[in-house]
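So the chains spell out like this:
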Amino acid sequence: MTTHEFYMKRCIELAKNGLGTTYPNPLVGSVIVHEGKIIGEGWHKKAGEPHAEVNAVNSVKDKSLLKEATIYVSLEPCSHFGKTPPCCDLIIANKIPNVVIGTVDPQLSCATSLRNYSELPSNHSQ
């Protein structure tokens, strides 16, 4: 198992915690890694509440580490304003340089987030 697969598996495990409470939103999990150590985790807990990325960022004790971290998200971070603000804006605001997503969002109104942000600091993977 590769490093990306290991952390994405953890995202999926976390996402399952939202089973039955996120409809009409999908199950999503997120993990933040700094120097090979998980420093933050989150999942989308309930429709209308913060998304997985927000919960993961909020769980990080030392926010200064975010500038050198990788965020893993099972679904591409949203880029639109709905009941919550765009998650990709949070990633940019925290200067998280590396983003790894499990899958792109098939819903066009939610997708395109990180793919269109030229101001992101460095590497992004799918």
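A quick note: this is a predicted structure, and the numbers were derived from the prediction, not measured.

*Asks:* Looking at this structure, how should I read the side chain of threonine 22?
*Replies:* Note on placement: threonine 22 falls in the loop between helix H1 (3–15) and strand E1 (29–34). You can call threonine 22 buried: its relative accessible area is 3%. In this structure, threonine 22 is in contact with Leu27, His44, Lys45, Lys46 and Ala47, ignoring residues within four places of it in sequence.

*Asks:* Help me understand the pattern of salt bridges, please; the structure alone is not making it clear to me.
*Replies:* Note on pairing: side chains with opposite charge can pair once their charged atoms come close. Evaluation of the coordinates by the stated rule reveals two salt bridges. Here arginine 10 makes a salt bridge to glutamate 41, at a shortest N to O gap of 2.7 Å. In this pair, arginine 10 is assigned in helix H1 and glutamate 41 in strand E2 (residues 37–43), connecting sequence segments 31 residues apart. For glutamate 41, a relative accessible area of 26% puts it in the partly exposed group. A single salt-bridge network, built from bridges that share partners, covers Arg10, Glu13 and Glu41.

*Asks:* Would you mind showing me how to read the nonpolar core here?
*Replies:* The tendency in soluble globular proteins is for nonpolar side chains to be buried side by side. Counting residues in each nonpolar core, the largest one holds 16 residues, and the members touching the most others are Ile32, Leu66, Ile71 and Ile96. Elements supplying a minimum of two residues to this core: helix H2 (52–59), strand E3 (70–73) and strand E4 (98–101). No other element matches the three residues that H2 contributes to this core. Beyond its immediate chain neighbours, meaning those up to four positions away, isoleucine 71 contacts Ser30, Val31, Ile32, Glu53, Ile91, Ile96, Asn98, Val99 and Val100. Counting residues in each nonpolar core, the second largest holds eight residues, with Cys11, Val31, Val33 and Tyr72 among its members.

Each value, and the rule that gives it
Within any chain, residue numbers begin from 1 and follow the written order of that chain's sequence. Local features are withheld for residues below a pLDDT of 70 in this predicted model, meaning they are given only at 70 or higher, and side-chain atom pairs are given and counted only at 80 or more; totals for whole chains, interfaces and linings count all residues. The side-chain numbers reported here are obtained from all heavy atoms of the structure, hydrogens and water having been left aside. Strands are runs of DSSP state E lasting at least two residues, helices are runs of H or I lasting at least four, and both sets are numbered from the N terminus onward. Each residue is placed in one exposure class: buried if its accessible area under a 1.4 Å probe, protein chains only, is under 20% of its type's maximum, exposed if it is over 50%, and partly exposed if it falls in between. In what follows, a contact means two residues having at least one pair of non-hydrogen atoms within 4.5 Å. We count a salt bridge whenever a side-chain nitrogen from Lys or Arg sits within 4 Å of a carboxyl oxygen from Asp or Glu. What is meant by a nonpolar core is a set of buried Ala, Val, Leu, Ile, Met, Phe, Trp, Tyr and Cys residues, joined one to another through side-chain atoms within 4.5 Å.

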